[in-house]
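# Working through the structure, step by step
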Amino acid sequence: MATDQQTQTAYGYIKGELLHTIFRNEQENFSIAKIKVLATNEDYQEKDIVIKGYFSDLQDSAAYYFYGDFERHPKFGLQYNVTSYKTFIPDTKDGLIDYLSSDLFYGIGQKTARKIVETLGTNAVSSILNDPSVLRQIPGLKQDKADQLVKTLKENQGFEYAAVYLAKYGIGLKLAQKMYKEYQDETVSVLQEDPYQFVLNIEGFGFHTADQIAQENGLSLTHANRIGAGCVYVLQQNIQDGHVYLPVEECIHQVVTLLTQPDAELTIDMVQNRLEELNRDKTVIMYEGNVYLPSLYYAENGFAGNVDRLLSKSVEHDTPLAELMKIIGDVEEQEVLSYGKEQFEAIQEAISSELMIVTGGPGTGKTTVIKGILNAFAEIHNLSIDPDSYSDDADYPFILTAPTGRAAKRLTESTGLPAVTIHKLLGWDGQNGFEKDDYDPLKGRYLIVDEFSMVDIWLANSLFKAIPDDMQVLLVGDEDQLPSVGPGQVLADLLTSGQIPYVSLQDVYRQKEGSKIIELAHAIKQDACDHHALEKAQDFSFISCHEQQLIDVVTTVFDRAQKKGIDVKDIQVLAPMYRSQAGITMINQHLQALINPASPQKREARTQDAVFRVGDKVLQLVNQPEDGIYNGDIGEVAAIFSANENVDHVEQLVIDFEGKEISFERKDYINITLAYCISIHKSQGSEFPIVMLPVFPVYRRMLKKNLLYTAITRSKQSLVICGDKQAFLDGVKRQDTNQRYTSLIEKLQERLVDGSSDEQPEENDEAAISPYDFM
Ligand SMILES: Nc1ncnc2c1ncn2[C@@H]1O[C@H](COP(=O)(O)OP(=O)(O)OP(=O)(O)O)[C@@H](O)[C@H]1O
C-alpha cells in the first residue's frame, strides 16, 4: 500500500475511510470499525482493516489518519489498535476546497470554500480553530455561517485536535477522553495556559507532563500554579507510600526538590506561602504543623470521632462475671475444647466491650475466639446463631466482614456463617459511593471485621460511619503483617493509642499439631529466626540456589508436584518485586509456558505486554465491587470470545472467580495479570495450600520482617523457600523503618483523654468525601 507524502510523520499510520462501525460505546467513546485503507506507511497490503480505540463518531464523508499498532487477534487476524487519530484535511488548494464544501459543513458551498482557502491559505482549518475571528476577513461570509463552520470544525476536530496534541506528550486516548469530557474545546488552550490544573483535577495526569507542556509554552518555573500543583502532587505521591500527611517542612523540602531546576530559583518561603494559600482555599489542610489532602484529614477525624462515639456507650447487657464465665464454659463444652487464658479473656472482654481488638499470629486461635464470642453472645442474648432460623424480614444479628473477597470467603469457611466484603456490606453502588452511612446505618447486634490490618483510613472511616450506637464491634487482625495498601496503619495506631481494649493472643495452638510453618512465623515475630529455624521439616523446605537457577528450581518443584498428583493450581509462588531476572513477570511467563502452553486448540488474547490463554490463572488488580471481585482475587480464564461471537460485539475474556464468571473487555485487561506468581503485597488476606517463596539478595531493598512474615503465613500446608539463606535471615531482622505519617494516635488520644479538640479546622462536607465515593 502506498504511503501518503502529506503525513510527514515518524509514526506508523493508516489513512482510511469508514466502511462500517462494528461496535460503539457512546459513554466511553470506544469504537471498533472496519475502514477502507487509503494509504499507510505500515507494512500492510490489504484494502481494509478493523481498527479499535477511543474516538468520537467517525463521519462517513471524511478520511482520517489513524496512528497505532497492529495487534493479532487469534481468530480475526490483524487489527489496528488506534492510540491517536486526526481527520485528514487536504493541504492542496483544491482538496481543501472540496473538503470545506463537502456535506460535513452545512451552508458552505464551493464559492465560499474557495474564498476561505484563497484568503487563509491551505492552513485555513488550523487558523480558524486557533482564532475563529480570522473568518471576518472572508468577503461576504455571514456571521451565522461563520459560527456554524467554527462549531462544526470544533465538533469534528475538537477532541481529535486535543487527542493529537496530547499524544505528543504520551497521553493516550483514554486519558485524553477524560480530559476532554471535563474541559471540552478548552482542553488544549487550558493545557497551554495552565497545564497544572490537570494535575489537580484529572486523576492520572502527572506533574512531569504538566511541567513539560508548561515549559514548551514558556510558563514561568516559579508560577504560583506550578508550586501549587507541586504541593498537591507531592502529597498524592506520599499517599502511595501509605502516608496520611506530611510534616510541613518535609512537604516543603520535597516540593522544592521536585520543582528546582537550573533556571528555577525556588525558595522555601515561596512554597510555604503557596501552601498557606492552598490551606485558605481548602485545597490542602494544615493542622498542627502537618499538611494533609482534605479527604485524608477528614477521614482520620471522622474515624477517631466514631471510635470515640462507640467507646463512650456502655454495653446494654452487662452480664455478671460469674454468669459470663459459666456461659463461656458451656461454649467450651459445646466446642469440645478448653480455651487458653488469653482466649478466655478475649471472649470475656469482647462480650462486654462496645469496641475491642483481638490480635495474634497464625494458629493462635483467632477464629476459635471469634466462634466462641458469637456463641457466647448468642447465649447471653437468647439469639440463634443459625442464619436459617431468621425470616427474610428479620435482621441476622451477626455481621461478619473482611476487606477482600478471599478473606471473607475464608471467614465463612472457618465459621460456617455468612461473611461479605466491607464494600458489599456498605452497599457499594459503583457510582455514588457507599449506601450505608450515618443516615442509613448497618443493622445488627455484633460486627466482626477480620484481617483489619488491611483496612486503610478511608475504608475504616466509611465503615465506622455506618456503625450504629447499639452495635458491638470486634476487630481481628495480625499486627505483624504488612500495613494496608492504602494510606494509614489503622490497626497498629488503634493498638498503640492504648485507648481501645485489646487482647493479643500469643500461645500457638496449631504448632501443637507439629507445624514448622507456624514455628517459623513465630520465630520471625519474636526476632529469633536463625539457621536452625530453616531446617527441613515435613511441611517446610529451603532450597538453596542462585538467582540464575530459579527457573530450573521452580520447574523441578512443579514437575515433582505434578508427578505426585498435586494440583499445581494449589502452588502459589509469591515474590516481592515485578522486575529482575527473578521477578514476578519473568516467573509468570515461565510458569505459563510450563503449565498452560500455547496450542492451536487454545484461544489466546494478546495485549502489549501479556498473553492470556484459556486455562490461565489470573489475578484481579483493582477493586471491582460492582461485580463482587476485589484486588487480590484469583481466577481462571474460562473462555475467550471474539467480537463476532457475542451480542456486545467486543472481544471478551471470561474469568471464573471461584464460581463467579466475570467478562472483561479489552480495555479492562490492564486490571488483570497472570497469577502463577503474585506479589506478596497482593497475597495479603489470602491463604494457599502450598507457597513457594523465592528470596534473593537482588530483592534486598524489599526484604523486611513484615513482608517475609506476611509471605510465609500465607501457606496452609506446605512452604518451599528457595534462594539465599543469608538474604532471608537478614531480611527477617530488618524492621520496616519507613514509618507512615499518620495522626490517628494523637486524634484518638485528644478525643478520648481530653474530649473533642475545639481547635480543629471546620468540617467541610465536600472535602470529607473519600476516594471511595468515586471508585
Ligand atoms: N484452646 C484450644 N485448644 C485446642 N485447640 C485449639 C485451641 N485454640 C485453637 N485451637 C486449634 O488450633 C488451630 C488454630 O486455631 P485457629 O484456626 O482458631 O487460629 P487462627 O489464629 O485463626 O489461625 P490462622 O490465622 O492461621 O487461620 C485450630 O485447629 C484450632 O482448632
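Given the structure is predicted, the values throughout are model-derived calculations rather than measurements. (Residues numbered from 1 in each chain as written. Predicted model: local features only at pLDDT ≥ 70, side-chain atom pairs only at ≥ 80, totals over all residues. Heavy atoms only, no water.)

## Quick word on unusual backbone geometry
- Non-glycine residue Lys282 carries a positive phi angle of around 65°.
- When you line up the elements, Lys282 lands in the loop between helix H11 (268-280) and strand S7 (285-287).
- Lys282 sits in the partly exposed class, given a relative accessible area of 33%.
- Unusually for a residue other than glycine, Asp527 sits at a positive phi of about 55°. (Helix = DSSP H or I, 4+ residues; strand = E, 2+ residues; numbered from the N terminus. Buried < 20%, exposed > 50% of the residue type's maximum accessible area, 1.4 Å probe, protein only.)

## Regarding the packing of aromatic side chains
- All chains considered together, the criterion is met by 27 aromatic pairs.
- When the centroid spacing of 5.1 Å and the interplanar angle of 90° are considered together, the rings of Tyr297 and Tyr298 count as edge-to-face. As far as burial versus exposure is concerned, Tyr297 and Tyr298 are alike and both buried.
- By the ring-pair criterion, three or more aromatic residues cluster together here, those being Tyr245, Tyr287, Tyr292, Tyr297, Tyr298 and Tyr741. (Phe/Tyr/Trp six-rings, centres within 6.5 Å; stacked < 30°, edge-to-face > 60°.)

## What to know about the pairing of strand S13 (residues 472-477)
- Burial runs high along S13: six of the six residues are buried.
- Every second residue of S13 is oriented toward a common face, with Gln472, Leu474 and Val476 on one face and Val473, Leu475 and Gly477 on the other, all of them buried.
- Alignment of strand S9 (residues 355-360) against S13, held across five bridges, turns out to be parallel. Bridge assignment links Val358 to a residue of S13, and that residue is Val476. (Pairing = 2+ DSSP bridges.)

## A short note on the sheet that holds strand S21 (residues 652-657)
- Here five strands make up an open sheet; going across it, the order is S22-S21-S20-S19-S23 and the pairing antiparallel. Here the strands that pair on one side only, and so sit at the sheet edges, are strand S22 (660-665) and strand S23 (672-674). In this sheet, neighbouring strand axes are inclined to one another by 40° on average, regardless of whether the strands run parallel or antiparallel.
- Bridge analysis of S21 against S22 gives six bridges, and the strand direction is antiparallel. Each residue of the ladder has a partner; that of Gln652, found in S22, is Glu665. (Axes fitted to C-alpha atoms, helices over the stretch in contact; angles between N-to-C directions.)

## Description of the confidence of the model for the protein
- For the protein, the average pLDDT comes to 86, and 92% of its residues sit at 70 or higher.
- Here residues 2-9 is modelled with pLDDT under 50, and outside its nearest four sequence neighbours on either side it reaches 17 contacts, counting other chains as well.
- This complex was scored by the predictor with a pTM of 0.76 and an ipTM of 0.98. (pLDDT = per-residue confidence, 0-100. Contact = heavy atoms within 4.5 Å.)

## Topic: the site of the ligand
- Looking at the ligand, there are 17 residues lining it, with Gln343, Gly365, Lys366, Thr367 and Thr368 nearest.
- Between an oxygen atom of the ligand and a main-chain N or O atom of Gly365, the distance comes to 3.0 Å.
- The side chain of Thr368 places a nitrogen or oxygen atom 2.5 Å from an oxygen atom of the ligand.
- With the chains in place, 75% of the 620 Å² that the ligand exposes on its own is no longer accessible.
- The biggest single contributor to the shell around the ligand is helix H15 (residues 366-380), with three residues. (Near = heavy atom within 4 Å. Polar contact = N/O pair within 3.5 Å; in protein donor to acceptor, adjacent residues only side chain to side chain. Areas by Shrake-Rupley, 256 points an atom, 1.4 Å probe, with all protein chains shown as cover.)

## Considerations on the nonpolar core
- Among the nonpolar cores identified, the biggest contains 139 residues, and Ile51, Phe66, Leu100, Phe205, Phe452, Phe464 and Leu494 are the most heavily contacted of them.
- In terms of residues, this core owes the most to one element, helix H4 (residues 143-167), which gives nine residues.
- Counting residues in each nonpolar core, the second largest holds 72 residues, with Met577, Ala675, Met702 and Ala727 among its members. (Core = buried A, V, L, I, M, F, W, Y, C linked by side-chain atoms within 4.5 Å.)

## Some points on helix H13 (residues 321-335)
- Taking 1.5 Å of rise per residue, 15 residues should cover 21 Å, and H13 covers 21 Å from first to last C-alpha, within 8% of that figure.
- Within H13, burial applies to Leu324, Ile327, Ile328, Val331 and Glu332. Across the axial projection of H13, the buried residues extend over an arc of 150°, all falling on one side. Opposite the packed face of H13, turned more than 90 degrees from it, sit the exposed residues Ala322, Lys326 and Glu333.
- Buried residues belonging to H13 abut helix H14 (341-352) and H15.
- Downstream of H13 by one or two residues, Val336 has phi in the positive range, about 55°. (Expected span 1.5 Å × (residues − 1). Arc of directions from axis to C-beta.)

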